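Okay, here's what each chain looks like letter by letter:
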Amino acid sequence: VPCLCSGASCLLCSCCPNSKNSTVTRLIYAFILFLGAAVSCIMLTEGMESQLKKIPGFCEGGFKINVADRKVDKDCDVLVGYKAVYRINFALAIFFFVFSLLMLKVKTSKDPRAAVHNGFWFFKIAAIVGIMVGSFYIPGGHFTTAWFFVGMAGAFLFILIQLVLLVDFAHSCNESWVNRMEEGNPRCWYAALLSVTSICYILSVVFAGLLYTYYTRPDGCAENKFFISINLILCFVVSIISIHPKIQEHRPQSGLLQSSVITLYPMYLTWSAMTNEPDRSCNPGLWSIVTHMTAPTLAPGNSTAVVPTPAPPAKSGHFLDAETFIGLTGFVLCLLYS
């Protein structure tokens, strides 16, 4: 209790490092964000959705949707879990926004406000929980609609931040390997640089081929075709620009490693967007694709007929499906790197 309530940091409540230990403080804040993401996943389960509907006013108002493959009487039957996720992240956004204002122009741990930043974890956690609980009693209506657009803007900024972090990571690796190449044993580091770059480009091409195969149809899925194609074109343009003489003149450390990483990441983003496509014929689901690829392809009798695979199940309240797990893993890795 003294550790949580004082100005000292506490990690797992087993040690009380000095309040100047900013690294521990960052890890605790990162852990809070991770817990928020975990709770958001829990809110999407069927058991929680049935309980959330009992909150007065929680299912009233908000935006309308049209889901073709679900038999629902109310929009809340589909949106209740997402509304809960919005409220959880609303509480986290309010908490971190207030602390960002509080820590303006704080540059050293000697500032009195740094003690608040590095300590008082009991009160901070209590504040987060209080805001979360209170946000669930905010009526839907305009709040849900407004926070939906705020969420889209925040997601766009988060993708940009992830891109910056990936470019920084790739640039650091490229600079380090080039320096080691110049210092000694150039063949080893050149092979590492060439291998990683080639692997990223090969994975990108394979990824694009799988997207065209499983997430498009000859007579439909026009949006999926458009976004896969435009991303491939843009990634090709970025790769050409990265080795342009003018770019090399101003940024000698720029190269294909950075562009290969950025080429692979938009392929993941494209797939992530397509996993939310309501038309199941354009979104078979990752598990269905894996089942189709691993299942026997030939029917009995040595014929060439393809064995049909079962129809993909609709997403209905899984705690952590494959798509969510991959996205959460990327979120945690970027969070730790930052």
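Per an unreviewed UniProt entry, the protein goes by the name Serine incorporator 3 and belongs to Neovison vison. Looking at the Sequence similarities (unreviewed entry) heading of the UniProt record, one finds this comment for the protein: "Belongs to the TDE1 family." As stated in UniProt under Subcellular location (unreviewed entry), the record for the protein gives "Membrane".

Visitor: Can you help me understand the overall build of the protein in this one?
Guide: A count of helices and strands for the protein gives 13 helices and 0 strands. Sequence-ordered secondary structure for the protein, helices as α and strands as β, is α-α-α-α-α-α-α-α-α-α-α-α-α. In the protein, buried positions account for 33% of the 338 residues. If you take every contact in the protein between residues at least 6 apart in sequence, the share linking residues at least 24 apart comes to 68%. Roughly 20300 Å² of accessible area belongs to the protein as shown, and the carbon and sulfur atoms make up 70% of that amount.

Visitor: In this structure, what is going on with the state of the cysteines? I would like to understand it.
Guide: As used in these notes, a disulfide is a covalent bond between sulfur atoms, one from each of two cysteines. Counted by the stated rule, this structure contains 1 disulfide. Each sulfur of the disulfide joining Cys221 and Cys282 lies 1.9 Å from the other. Taking the torsion about the S-S bond as the criterion, the Cys221 to Cys282 disulfide, at about -95°, is left-handed. With Cys221 in the loop between helix H8 (186–214) and helix H9 (222–242) and Cys282 in the loop between helix H11 (256–274) and helix H12 (286–294), this pair connects stretches of sequence that are 61 residues apart. Both residues of the pair, Cys221 and Cys282, count as buried.

Visitor: Is there a simple way to explain the side chain of Ser135 in this structure?
Guide: Tracing the chain through its elements places Ser135 in helix H6 (residues 121–135). Its relative accessible area of 1% is what places Ser135 among the buried residues. Here the side chain of Ser135 touches Met132 through a polar contact of 2.6 Å, landing on its backbone oxygen. Apart from residues lying up to four places away in sequence, Ser135 is in contact with Arg87 and Phe90.

Visitor: When you look at the packing of helix H7 (residues 142–183) against H11 in this model, what are you seeing that I'm missing?
Guide: A pair of packed helices is captured by two measures, namely the crossing angle of their axes and the spacing between those axes. Two elements in contact, H7 and H11, have axes separated by 8 Å at closest approach and are oriented at 150°. The orientation of H7 with respect to H11, classified from their angle, is roughly antiparallel. Along this stretch, H7 crosses H11, giving a crossing that reads as right-handed. Contact with H7, carried on its side by Ile159, Gln162, Leu163, Leu166, Val167, Ala170, His171, Cys173, Asn174 and Trp177, involves Leu257, Gln258, Val261, Ile262, Tyr265 and Leu269 of H11 and no other residues of that element.

Visitor: What is the right way to look at the confidence of the model for the protein in this model?
Guide: Low pLDDT marks stretches whose predicted atomic positions should not be read closely. When pLDDT is averaged along the protein, the result is 74; 75% of the residues meet or exceed 70. Across residues 1–20, where pLDDT falls below 50, the model places 43 contacts with residues more than four positions away in sequence or in other chains. Across residues 298–318, where pLDDT falls below 50, the model places 31 contacts with residues more than four positions away in sequence or in other chains.

Visitor: Help me out: how do you make sense of the UniProt feature "transmembrane region" (unreviewed entry) in the protein in this one?
Guide: With numbering aligned to this structure, UniProt lists the feature "transmembrane region" (unreviewed entry) at residues 27–45, 84–104, 116–138, 144–167, 188–214 and 226–243. The annotated region residues 84–104 carries 90% helix and 0% strand content, and the separation between its end C-alpha atoms amounts to 31 Å. Structurally, residues 144–167 comprises 100% helix and 0% strand, and the distance from its first C-alpha atom to its last is 34 Å.

Visitor: Would you take a moment to explain unusual backbone geometry for this structure?
Guide: With glycine set apart, most residues show a phi of negative sign, and most peptide bonds adopt trans. Positive phi, close to 55°, is recorded for Phe120, a residue that is not glycine. Counting through the fold element by element, Phe120 comes out in the loop between helix H5 (112–118) and H6. For Phe120, a relative accessible area of 31% translates into the label partly exposed.

Visitor: Help me understand the environment of Tyr265 in this model?
Guide: Within the secondary structure layout, Tyr265 lies in helix H11. The buried category is assigned to Tyr265, whose relative accessible area is 9%. Here the alpha-carbon distance between Tyr265 and Ser204, two residues 61 residues apart in the chain, equals 8.4 Å. If sequence neighbours within four positions are ignored, Tyr265 has contacts with Ile159, Gln162, Leu163 and Leu166.

Rules behind the numbers
- Residues numbered from 1 in each chain as written.
- Predicted model: local features only at pLDDT ≥ 70, side-chain atom pairs only at ≥ 80, totals over all residues.
- Heavy atoms only, no water.
- UniProt positions renumbered as here; feature names shortened; annotations may be inferred.
- Helix = DSSP H or I, 4+ residues; strand = E, 2+ residues; numbered from the N terminus.
- Buried < 20%, exposed > 50% of the residue type's maximum accessible area, 1.4 Å probe, protein only.
- Contact = heavy atoms within 4.5 Å.
- Areas by Shrake-Rupley, 256 points an atom, 1.4 Å probe, with all protein chains shown as cover.
- Disulfide = S-S within 2.5 Å.
- Polar contact = N/O pair within 3.5 Å; in protein donor to acceptor, adjacent residues only side chain to side chain.
- Axes fitted to C-alpha atoms, helices over the stretch in contact; angles between N-to-C directions.
- Parallel < 35°, antiparallel > 145°, perpendicular 65-115°, else oblique.
- Left-handed = near helix turned anticlockwise from the far one by under 90°.
- pLDDT = per-residue confidence, 0-100.

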